[in-house]
Amino acid sequence: MSVTTQSRVAETIRAANAERRGALIGYLPVGFPDLDTSVEAAIAMVHAGVDVLEFGVPYSDPVMDGAIIQEATQTALAGGFRLAHVFDAVRRVRDAVDVPVLIMTYWNPVMQYGVDRFAADLAAAGGAGLITPDITPEAAADWIETSDRHGLDRVFLAAPSSSDERLALVAASTTGFVYTVSTMGITGERAELDAAARGLTARLRAQGAELACVGIGISTAEQVAAALDYADGAIVGTAFVRALRDGGVPQLAETVRQIAAGTAAR
């Protein structure tokens, strides 16, 4: 039996677009540098201006992650990270702040845990859904059915290399927003955003995507503002992870405030 719920992620992004230039989505790995600090850091990010939280699941083979995020996830794994910590972290964050919390995860940990069990535990913790960088809609029938049943968003990725046919499938299969990959390659900061992101967002809209948020390579307020000229949200990860690594929660909060300035009203 399907559970029909309004996407809180989509509602939050629409509200940010109505009030400001657009939404800021902030990424941190669960358990970095330890579980308690990652929860404290996530809450601080919301207070500093993040609209949607993206908690990453540390994974031993992070094919999409850049060096700084890989370093952070390895620290979390070495510190004893367990998948159950994800649900604990989400629950603690949701008890403290009223924002949607998405989980960015490679698919293997979800399969190992059990797709339905993972969805049930995430929904019970107050999580909003999953971003799944390494599973395509064609291979996600089980997840699509399960996420519908548990009222969770499923965020698929679109890349500049995707065909229009693939973009149409991604747009039709995604809820919340389409994760629009700004550049080909791994995550990390770039001096300039790839112009392909603008064209990709336009192509996604032509194929029916209502909300598109741009990630990979965004690390400054200026880059956030540039992305929000054409996208509904900007996703920042590496700059936040670096700030937490180098200066703890206070530096992270200040970095979020600086970057969130890019969402200011036109």
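What comes next concerns the included structure. (Residues numbered from 1 in each chain as written. Predicted model: local features only at pLDDT ≥ 70, side-chain atom pairs only at ≥ 80, totals over all residues. Heavy atoms only, no water.)

1. So, the nonpolar core
Item 1. Counting residues in each nonpolar core, the largest one holds 97 residues, and the members touching the most others are Phe177, Tyr179 and Phe240.
Item 2. If we ignore the near neighbours within four places in the chain, the residues touching Tyr179 are Glu54, Met104, Ile131, Val155, Phe156, Leu157, Ala158, Cys213, Gly215, Ile216 and Ile235. (Core = buried A, V, L, I, M, F, W, Y, C linked by side-chain atoms within 4.5 Å. Buried < 20%, exposed > 50% of the residue type's maximum accessible area, 1.4 Å probe, protein only. Contact = heavy atoms within 4.5 Å.)

2. Some points on helix H6 (residues 115-125)
Item 1. Taken residue by residue, H6 has Val115, Phe118, Ala119, Leu122 and Ala125 as its buried positions. Relative to the axis of H6, the buried residues are bounded by an arc of 130 degrees and lie together on one face.
Item 2. Buried-residue contacts for H6 involve helix H4 (84-96), strand E3 (101-104), helix H5 (107-113), strand E4 (129-131) and helix H7 (141-150).
Item 3. Positive phi appears at Gly126, one or two residues downstream of H6, with a value of about 95 degrees. (Helix = DSSP H or I, 4+ residues; strand = E, 2+ residues; numbered from the N terminus. Arc of directions from axis to C-beta.)

3. Section: the pattern of salt bridges
Item 1. A complete count under the given rule lists 17 salt bridges for this structure.
Item 2. Notably, a salt bridge pairs Asp36 with Arg92, separated by 2.9 Å at the nearest N-O pair. Placement of Asp36 in helix H2 (residues 35-48) and of Arg92 in helix H4 is noted, with a sequence separation of 56 residues between them.
Item 3. Looking at Asp36, the relative accessible area reads 48%, which means it is partly exposed.
Item 4. For Arg92, a relative accessible area of 28% translates into the label partly exposed.
Item 5. Close ionic contact of Arg92 with Asp88 constitutes a salt bridge, the shortest N to O distance being 3.5 Å. One end of the pair is Arg92 and the other is Asp88, both in helix H4 and four residues apart, which spans about a single turn.
Item 6. The exposure class assigned to Asp88 is partly exposed, which follows from its relative accessible area of 26%. (Salt bridge = Lys/Arg side-chain N within 4 Å of Asp/Glu carboxyl O.)

4. Some thoughts on the packing of aromatic side chains
Within a pair of aromatic rings, the relevant descriptors are the distance that separates the centres and the angle that separates the planes.
Item 1. Summed over all chains, the structure comprises five aromatic pairs.
Item 2. Measuring from ring centre to ring centre gives 5.7 Å for Tyr113 and Phe118, while their planes differ by 85 degrees; the resulting arrangement is edge-to-face.
Item 3. Here a set of aromatic residues connected by ring pairs shows up, and it is made of Phe87, Tyr113 and Phe118.
Item 4. The ring of Tyr113 carries Arg117 above its face, with NZ or CZ at 3.8 Å from the centroid. (Phe/Tyr/Trp six-rings, centres within 6.5 Å; stacked < 30°, edge-to-face > 60°. Lys NZ or Arg CZ within 6 Å of the ring centre and 35° of its normal.)

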